[in-house]
Amino acid sequence: MHEVSGAWRRAARGAGLLADDGTATPTIFAEMSALAARTGAINLGQGFPDSDGPAAVLEAARDAIAAGFNQYPPGRGEPDLLAAIAEHQANRYGIRLDADREILVTAGATEALAAAILALVDGADDEIVVFEPFYDAYSALIALSGARLVPVPLRWPHFQPDLDELRAAVSDRTRLILVNDPHNPTGTVFADDVKREIVRLAHEHDALILTDEVYEHLVFDGPHEPIATLPGAFERTLTVSSAGKTFSVTGWKVGWISGPAEFVQAVLAVKQFLTYVSAGPFQPAVAAGLRLPESVFRGIRDTLRAGRDTIGAGLVEAGFDVAVPAGSYFTVADAAALGAVDAATFCRELPHRAGVVAIPLTAFATDEGRSRYRTLVRFAACKRPEVLSEASRRLAAAF
């Protein structure tokens, strides 16, 4: 068989998906979802909801299809969605954006992150600081860009970075500080002093901040506070978000990136040669979603908070130690008290033992950092109440 060379190897290796024989291996999400299907286990591994989002958003998509929004949308995005994003940022956070120059619609948040990293990294000497554990796409995209990933560890149970370790990680070689707040996979919300230090370090070392805020509407206690709102932050910050997590439409893949016009233009220069455009009829629907009344967003948040509490209580009853998340879809638990010594092995056995699928936190870490998370497991709470209750019952019965 002919050996295929190319940049794909960097991406696969960066994500920990290159086997010793040089072949690509499946992601842990694909493996665990397949295991759930084979065993009939409840899938609390991958972070996708099992129910549809607000009816008004779904109806707006049907209306858009009927109205003919089925061809290429404009390259920067449908004007109404650009306007809705600008309104959203202004009304919620006081961030004033030029909808024509400072916002770009993308094929989900992942494309926004990919286009930004590929656009702004200038070579192998550049470094990107990332908080570990991290969404697995980050390491793959950084490797693909040729930059070097510099991790800052988040430690159990609070998952806040040590500021001295953060300072040590950022240097004059740092091109980007990549922030995910609220954070996947830990569910943490970064403290104010952490965010202020990120901004200070970005100024000190002339770095840019790339912030992934897809869980912005899923902060459980108090409002979300974007880094871009901090003094001196907007001028060097690109903010990414999307509709999928908020409105339970992860398959639509409608995201956006916003910030100073010159940075957004640089991202557009790359993005236009990735997907060009996407999701024509879903863009007007997302615009409608962003304009829904606050009561809808409060209901979405309250539903996820209730799911967090249900699965958290079930995990405690089963004997796990639980880190209560401040936001996002996810709850992290320590299985050490149940005899686990390796999270990946524990998760592969869990569907057979308890009929529940989860994800090992080691899947979100570098090779060097995995030992910090060796017994930690992530559970997704973005499922129907009855599903979470049944998962809790199974876990309690199994241990």
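Before going into details, it helps to say that this report is about the structure given with it. (Residues numbered from 1 in each chain as written. Predicted model: local features only at pLDDT ≥ 70, side-chain atom pairs only at ≥ 80, totals over all residues. Heavy atoms only, no water.)

What follows covers the overall build of the protein. Scanning the protein from N- to C-terminus turns up 14 helices and 13 strands. Projected onto the principal axes, the alpha-carbon positions of the protein cover approximately 55 × 55 × 50 Å. Within the span of the protein, comprising 399 residues, buried residues form 57% of the whole. Partitioning the intrachain contacts of the protein with sequence separation of at least 6 by distance along the chain shows that 75% fall at a separation of at least 24. Accessible surface for the protein amounts to roughly 16,200 Å². Of this, 52% is attributable to carbon and sulfur atoms. (Helix = DSSP H or I, 4+ residues; strand = E, 2+ residues; numbered from the N terminus. Buried < 20%, exposed > 50% of the residue type's maximum accessible area, 1.4 Å probe, protein only. Contact = heavy atoms within 4.5 Å. Areas by Shrake-Rupley, 256 points an atom, 1.4 Å probe, with all protein chains shown as cover.)

A large share of strand S3 (residues 127-132) lies buried, amounting to six of its six residues. Sheet analysis places S3 next to strand S4 (residues 148-153), joined by six bridges and oriented parallel. Of the residues in S4, the one forming a bridge with glutamate 132 is proline 153. Of the crossover connections in this fold, the one passing from S3 over helix H6 (residues 136-145) to the parallel S4 is right-handed. Bridge count for S3 against strand S5 (residues 174-180) is four bridges, and the pairing is parallel. What sits directly across from valine 129, in S5, is isoleucine 177. (Pairing = 2+ DSSP bridges. Right-handed = clockwise from strand over helix to strand, strands pointing away.)

As a further point, take H6. When you tally the buried positions in H6, you get nine out of ten residues, the bulk of the element. Turning to H6, its buried residues are Asp136, Ala137, Tyr138, Ser139, Ala140, Leu141, Ile142, Ala143 and Ser145. In the segment just after H6, glycine 146 is the residue with positive phi, at about 90 degrees.

Where helix H2 (residues 28-39) contacts helix H13 (residues 343-354), the axes come no closer than 10 Å and their chain directions differ by 15 degrees. One finds that H2 runs roughly parallel with respect to H13. Once H2 is placed against H13, the crossing between them reads as right-handed. Contacts from Ile28, Glu31, Met32, Leu35 and Thr39 of H2 reach H13 at Cys347, Arg348, Pro351 and His352. Of the residues belonging to the contact of H2 with H13, the class tally is five nonpolar, two polar and two charged. (Axes fitted to C-alpha atoms, helices over the stretch in contact; angles between N-to-C directions. Parallel < 35°, antiparallel > 145°, perpendicular 65-115°, else oblique. Left-handed = near helix turned anticlockwise from the far one by under 90°. Nonpolar A, V, L, I, M, F, W, Y, C, P; charged D, E, K, R; others polar.)

Spatially, S2-S8-S7-S6-S5-S3-S4 is the arrangement adopted by the seven strands of the open sheet, whose pairing is mixed. Lying at the two open borders of the sheet, with one neighbouring strand each, are strand S2 (103-106) and S4. Adjacent strand axes in the sheet meet at a mean angle of 20 degrees, parallel and antiparallel pairs treated alike. Here helix H5 (residues 108-120) sits on the sheet in contact with S2, S3, S5, strand S6 (208-212), strand S7 (237-242) and strand S8 (255-258), set at roughly 155 degrees to S7.

All right, on to the environment of alanine 11 then. On the secondary structure map, alanine 11 appears in helix H1 (residues 8-14). C-alpha separation for the pair alanine 11 and phenylalanine 320, spaced 309 residues apart in sequence, amounts to 34 Å. Other than its neighbours up to four places away in sequence, alanine 11 contacts Ala140, Ala143 and Leu144.

Within the open sheet, the four strands sit side by side as S9-S10-S13-S12. Their pairing is antiparallel. Lying at the two open borders of the sheet, with one neighbouring strand each, are strand S9 (321-323) and strand S12 (359-360). Relative to strand S10 (residues 330-334), S9 is paired through three bridges, and the arrangement is antiparallel. Bridged to valine 322 within S10 is alanine 333.

What follows covers the packing of helix H4 (residues 79-93) against helix H11 (residues 282-290). Contact geometry for H4 and H11: axes closest at 8 Å, N-to-C directions at 25 degrees. Classified by the angle between their axes, H4 and H11 sit roughly parallel to one another. Crossing hand, H4 versus H11: left-handed. Contacts from Asp80, Leu81, Ala84, Ile85 and His88 of H4 reach H11 at Gln283, Val286, Ala287 and Leu290. Considered class by class, the residues forming the contact of H4 with H11 number six nonpolar, two polar and one charged.

Further remarks concern the pattern of salt bridges. Between side chains of opposite charge, a pair can form when the charged atoms approach closely. Overall, the coordinates contain 24 salt bridges when judged by the stated rule. Between aspartate 181 and lysine 195 there is a salt bridge; the shortest N-O distance is 3.9 Å. Of this pair, aspartate 181 sits in the loop between S5 and helix H8 (192-204) while lysine 195 sits in helix H8, and the two are 14 residues apart along the sequence. By the burial criterion, aspartate 181 is buried, and lysine 195 matches it. Between aspartate 302 and arginine 305 there is a salt bridge, and its shortest N-O distance comes to 2.8 Å. Of this pair, aspartate 302 and arginine 305 both sit in helix H12 (residues 294-318), three residues apart, roughly one helical turn. Residue class for arginine 305 comes out partly exposed when judged on its relative accessible area of 21%. Beyond isolated ion pairs, a larger network of salt bridges with shared partners links Asp164, Arg167, Glu197, Arg200 and Glu204. (Salt bridge = Lys/Arg side-chain N within 4 Å of Asp/Glu carboxyl O.)

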